[in-house]
Amino acid sequence: MQAARYLVIDFEATCCDKGTVPREHMEIIEIGAVMAEAQTFEVVSEFQTFIRPVRHPRLTPFCISLTSIEQKDVDAAPLFGEAIQQFKQWLYRYDSFVFCSWGDYDLKQLKQDCEFHKIPYPISAPHLNVKRLMAERQGLSKKPGLGDAVRMAKMEFQGSHHRGIDDARNIARLLPYVFGTAKLPR
Ligand code: AMP
Ligand code: MG
Ligand code: MG
């Protein structure tokens, strides 16, 4: 049976441009998620939370400038375990969906944070890399970054690129090019 909905998730995480936050120490600082109907691609619900990181609690200037997430946003936010509880309460109002993200990064980061915090992986649905699927579906020679994909669809990026909730909303706008009949203009 085909899933009735697409769960689109985009995470932001602690990061740096100088090697001070190694890949295996990155932690999710924002969950952005939207639920879209598979038939119509209409977004029916959204979930957003910031998360307070514990390994590198001070955001780097690079991270703040990349994501536009501020220190006060994460200082006031729940820890990972509490945030995942809230996320699950939202998520399990829906019974049939697949987990979509732009690349495999989000899946790996979620698994890494769950292992670090000793929390069970919270999503019972299969994962789809919609960046790869869009490249295949549209016959692109390279897998496009999210900003490029939005431009290729002749759309304006809505909101702030590298903010989890805005990235998730913009990925959802591309779903007709991934699963539907929409063709990129040439
Ligand atoms: P994105 O969804 O593209 O905004 O990226 C998710 C996360 O990956 C960001 O919150 C950063 O932690 C990390 N990231 C993205 N781009 C870069 C970059 N150019 N340098 C370092 N980390 C990055
Ligand atoms: Mg992303
Ligand atoms: Mg993002």
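Preceding this paragraph is the structure being described.
Below is a summary of the structure that appears in this document.

**Here we look at the site of ligand 1**
Working step 1: In the neighbourhood of ligand 1, 14 residues make up the surrounding shell, with Asp 10, Glu 12, Ala 13, Cys 15 and His 162 lying closest.
Working step 2: Contact distances for ligand 1 include 2.8 Å between an oxygen atom and a backbone N or O atom of Ala 13.
Working step 3: At a separation of 2.6 Å, an oxygen atom of ligand 1 approaches a polar side-chain atom of His 162.
Working step 4: Within the complex, the protein chains bury 68% of what would otherwise be the 480 Å² of accessible surface of ligand 1.
Working step 5: Mapping ligand 1 onto the cavity grids shows that it belongs to the largest pocket.
Working step 6: If you list the elements that add at least two residues to the shell around ligand 1, you get strand S1 (5-13) and helix H1 (61-67).
Working step 7: In the shell around ligand 1, the residues fall into 8 nonpolar, 3 polar and 3 charged.

**Concerning the side chain of Thr 49**
Working step 1: With respect to the helices, strands and loops of the structure, Thr 49 is situated in strand S3 (residues 43-50).
Working step 2: On the basis of relative accessibility, which here comes to 8%, the residue Thr 49 falls in the buried class.
Working step 3: Not counting chain neighbours up to four residues away, the residues in contact with Thr 49 comprise Ile 29, Glu 30, Ile 31, Pro 78, Ala 83 and Gln 86.

**Brief notes about helix H7 (residues 164-173)**
Working step 1: Along H7, 8 of the 10 residues are buried, which leaves the element largely enclosed by surrounding structure.
Working step 2: Within H7 the residues assigned to the buried category are Gly 164, Ile 165, Asp 166, Asp 167, Ala 168, Asn 170, Ile 171 and Ala 172.
Working step 3: Buried residues belonging to H7 abut S1, strand S2 (28-37), S3, helix H5 (130-138), helix H6 (146-152) and helix H8 (175-178).

**Examining the layout of surface pockets**
In this approach a probe as big as a water molecule rolls over the atoms, and the regions it shows empty are the leftover space.
Working step 1: A volume near 310 Å³ is recorded for the largest pocket.
Working step 2: Elements with a minimum of two residues in the lining of the largest pocket: S1, H1, helix H4 (105-117) and H7.
Working step 3: Residues of the lining of the largest pocket, tallied by class, amount to 10 nonpolar, 3 polar and 5 charged.

**Some words on the coordination of the magnesium ion (ligand 3)**
Working step 1: Each protein donor to the magnesium ion (ligand 3) is listed here as Asp 10 (OD), Glu 12 (OE) and Asp 167 (OD); together their distances run 1.9 to 2.0 Å.
Working step 2: Along the chain, the residues that donate to the magnesium ion (ligand 3) are spaced as D-x1-E-x154-D.
Working step 3: Between the magnesium ion (ligand 3) and the magnesium ion (ligand 2), a spacing of 3.3 Å is present, and a bridge between the two is formed by Asp 10. With Glu 12 in strand S1 and Asp 167 in helix H7, this pair connects stretches of sequence that are 155 residues apart.
Working step 4: A residue is classified by how much of its surface remains accessible, and Asp 167, at 3% relative accessible area, is buried.

**So, the pattern of salt bridges**
Working step 1: A full pass over the atoms with the stated rule returns 9 salt bridges.
Working step 2: Between Glu 136 and Arg 132 there is a salt bridge; the shortest N-O distance is 3.0 Å. Taken as a pair, Glu 136 and Arg 132 lie in helix H5 at a separation of 4 residues, close to a single helical turn.
Working step 3: On the basis of relative accessibility, which here comes to 51%, the residue Glu 136 falls in the exposed class.
Working step 4: Shared partners join several salt bridges into a network, and the residues in it are Arg 5, Glu 37 and Asp 95.

**Thoughts on the side chain of Arg 163**
Working step 1: Here Arg 163 shows up in the loop between H6 and H7.
Working step 2: Here Arg 163 is in contact with Glu 12, Glu 30, Gln 48, Phe 50, Thr 67, Ser 68 and Ile 69, once residues within four sequence places are set aside.

The rules behind each value
- Residues numbered from 1 in each chain as written.
- Chains lettered and ligands numbered in written order.
- Predicted model: local features only at pLDDT ≥ 70, side-chain atom pairs only at ≥ 80, totals over all residues.
- Heavy atoms only, no water.
- Near = heavy atom within 4 Å.
- Polar contact = N/O pair within 3.5 Å; in protein donor to acceptor, adjacent residues only side chain to side chain.
- Areas by Shrake-Rupley, 256 points an atom, 1.4 Å probe, with all protein chains shown as cover.
- 1 Å grid on protein atoms, 1.4 Å probe; cavity = no way out; pocket = protein on both sides within 12 Å on 5 of 7 lines; lining within 4 Å.
- Sits in = over half its atoms within 2 Å of the grid points.
- Helix = DSSP H or I, 4+ residues; strand = E, 2+ residues; numbered from the N terminus.
- Nonpolar A, V, L, I, M, F, W, Y, C, P; charged D, E, K, R; others polar.
- Buried < 20%, exposed > 50% of the residue type's maximum accessible area, 1.4 Å probe, protein only.
- Contact = heavy atoms within 4.5 Å.
- Points joined across faces, edges and corners; volume = space filled by probe spheres on them.
- Donors = N, O, S within 2.8 Å, 3.2 Å for Na, K, Ca; no water.
- Salt bridge = Lys/Arg side-chain N within 4 Å of Asp/Glu carboxyl O.

Coordinates in, geometry out; function isn't part of it.
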